[in-house]
Amino acid sequence: AQSVTQPDIHITVSEGASLELRCNYSYGATPYLFWYVQSPGQGLQLLLKYFSGDTLVQGIKGFEAEFKRSQSSFNLRKPSVHWSDAAEYFCAVGAEGNEKLTFGTGTRLTIIP
Amino acid sequence: NAGVTQTPKFRILKIGQSMTLQCAQDMNHNYMYWYRQDPGMGLKLIYYSVGAGITDKGEVPNGYNVSRSTTEDFPLRLELAAPSQTSVYFCASSSEGGYSNQPQHFGDGTRLSIL
């Protein structure tokens, strides 16, 4: 069965600084990978996804993520964060033959002025 | 442009009461999911459905029941509310299952407290 780990529970970044959120997955074949964002009091919104092809994927709100098979990682990046990026971020993995997604435990992002 | 609609948004229940959390989607999605979210625990799958009349258990189904009589609706029922069921509940839908590149669309959640 697939699994996903987000090693960082909470990250604090200054506004305008760069950001990288880590996601590691466990799955024997090529997974389907997603990043979701959850603003306070809201449901989850899709930021980006990886299915196949170019390993660097672009998403909404200026986010990107890179699939690295050798490291079993799908880290989320943004070159310059804005105060509105403060939220919780979830990585998720889907796998062949499985009807469900497996979500990580999330990383809470705090932005300081 | 409703997407996934959950009602109610907030609810307080007494121990032993029952209630139904409603979820409706207008995207004609076959797949629907119920999650609970507890602080620091991420999302735990309660039940899911791959189409009308078909449901299956997720990771944490105990204390809950679901039905799927139509494509649009996927209600979640708590029969005997317990304090351990205090959580935020999210419903999601997708055109395909987790083995595809189709994302899940989420509702805004129901915040449930059991006192």
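What you see is a predicted model; the values in this text were computed from it and never measured.

**Regarding the overall build of chain A**
Within chain A, the regular secondary structure consists of zero helices and 12 strands. If you list the helices and strands of chain A from N to C, you get β-β-β-β-β-β-β-β-β-β-β-β. Its C-alpha radius of gyration of 14 Å places chain A within 12% of the 13 Å reference for a compact globule of 113 residues. Along the first, second and third principal axes, the C-alpha atoms of chain A reach 45 × 30 × 20 Å. When burial is assessed residue by residue, chain A has 45% of its 113 residues classed as buried. The long-range share in chain A, meaning contacts at least 24 apart out of those at least 6 apart in sequence, stands at 54%. Total accessible area on chain A is roughly 5200 Å²; 49% of this is exposed by carbon and sulfur atoms. Between the averaged position of the 9 positive side-chain charges in chain A and that of its 10 negative side-chain charges there is a distance of 2 Å.

**Comments concerning the pairing of strand 8 (residues 64–68) of chain A**
All names here are of chain A. Pairing analysis gives three bridges linking strand 7 (residues 56–58) to strand 8, with the strands arranged antiparallel. Of the residues in strand 8, the one forming a bridge with L56 is E66. Hairpin connection from strand 7 to strand 8: five residues lie between these consecutive antiparallel strands, with K61 at a positive phi of about 60°. In the sheet, strand 8 pairs with strand 9 (residues 73–78) via five bridges, with the strands oriented antiparallel. What sits directly across from K68, in strand 9, is S73.

**Some thoughts on the state of the cysteines**
Residue and element names in this part refer to chain A. Taken as a whole, this structure holds two disulfides over all chains when the rule is applied. A disulfide bridge connects C23 with C91, and the sulfur atoms are separated by 1.9 Å. Note on the C23 and C91 pair: the S-S dihedral is about -65°, so by sign convention the disulfide is left-handed. With a gap of 68 residues between them, C23 in the loop between strand 3 (19–21) and strand 4 (24–26) and C91 in strand 10 (residues 87–94) connect regions that are remote in the sequence. Both residues of the pair, C23 and C91, count as buried.

**Details of the layout of surface pockets**
In this approach the atoms are scanned with a rolling probe the size of a water molecule, which exposes any empty space left behind. Of the volumes computed, that of the largest pocket is approximately 330 Å³. The wall of the largest pocket is formed by 22 residues, among which A:E88, A:F90, A:R108, B:Q37 and B:G40 lie closest to the centre. Mapped by element, the contributors of at least two residues to the lining of the largest pocket are strand 10 and strand 12 (107–112) of chain A. Residue classes in the lining of the largest pocket are distributed as eight nonpolar, 11 polar and three charged.

**Focus: the sheet that holds strand 7 (residues 64–66) of chain B**
Residues and elements named next belong to chain B. Pairing in this open sheet of four strands is antiparallel, and the strands run 1-3-8-7 from one edge to the other. Because the sheet does not close on itself, it has two edges, and the strands there are strand 1 (4–7) and strand 7. Averaged over all pairs of adjacent strands, the angle between strand axes in this sheet comes to 20°, irrespective of strand direction. Bridge count between strand 3 (residues 19–25) and strand 8 (residues 76–78): three bridges; the pairing is antiparallel. Bridge pairing in strand 8 places M19 opposite L78.

**Some thoughts on the nonpolar core**
Of all hydrophobic cores here, the largest spans 26 residues; its most connected members are A:L19, A:W35, A:L47, A:L48, A:F74, A:L76 and A:Y89. Residue assignment for this core shows that the elements contributing at least two residues are strand 2 (10–14), strand 3, strand 5 (32–38), strand 6 (44–50), strand 8, strand 9, strand 10 and strand 12 of chain A. In terms of residue count, strand 10 of chain A provides more of this core than any other element does, four residues in total. Among residues more than four places away in sequence, those in contact with A:Y89 are A:Q6, A:L21, A:W35, A:Y36, A:V37, A:L47, A:F63, A:L76, A:G106, A:T107 and A:L109. In terms of nonpolar packing, the next biggest core, distinct from the first, is built from 19 residues, B:M32, B:F74, B:Y89 and B:C91 among them.

**Side note on empty space enclosed by the protein**
One pass over the full model with this rule turns up one cavity of 30 Å³ or more. For the lining of the largest cavity, the per-class residue count stands at four nonpolar, two polar and two charged.

**Some words on the confidence of the model for chain A**
Model confidence for chain A is summarised by a mean pLDDT of 92, while 100% of its residues fall at 70 or above. When the elements of chain A are averaged for pLDDT, strand 11 (residues 102–103) of chain A gives the smallest value, 90, and strand 3 of chain A the largest, 98.

The rules behind the values
- Residues numbered from 1 in each chain as written.
- Chains lettered and ligands numbered in written order.
- Predicted model: local features only at pLDDT ≥ 70, side-chain atom pairs only at ≥ 80, totals over all residues.
- Heavy atoms only, no water.
- Helix = DSSP H or I, 4+ residues; strand = E, 2+ residues; numbered from the N terminus.
- Rg over C-alpha atoms; globule rule 2.2 N^0.38 Å.
- Buried < 20%, exposed > 50% of the residue type's maximum accessible area, 1.4 Å probe, protein only.
- Contact = heavy atoms within 4.5 Å.
- Areas by Shrake-Rupley, 256 points an atom, 1.4 Å probe, with all protein chains shown as cover.
- Lys, Arg positive; Asp, Glu negative; His and termini not counted.
- Charge placed at Lys NZ, Arg CZ, Asp CG, Glu CD.
- Pairing = 2+ DSSP bridges.
- Disulfide = S-S within 2.5 Å.
- 1 Å grid on protein atoms, 1.4 Å probe; cavity = no way out; pocket = protein on both sides within 12 Å on 5 of 7 lines; lining within 4 Å.
- Points joined across faces, edges and corners; volume = space filled by probe spheres on them.
- Nonpolar A, V, L, I, M, F, W, Y, C, P; charged D, E, K, R; others polar.
- Axes fitted to C-alpha atoms, helices over the stretch in contact; angles between N-to-C directions.
- Core = buried A, V, L, I, M, F, W, Y, C linked by side-chain atoms within 4.5 Å.
- pLDDT = per-residue confidence, 0-100.

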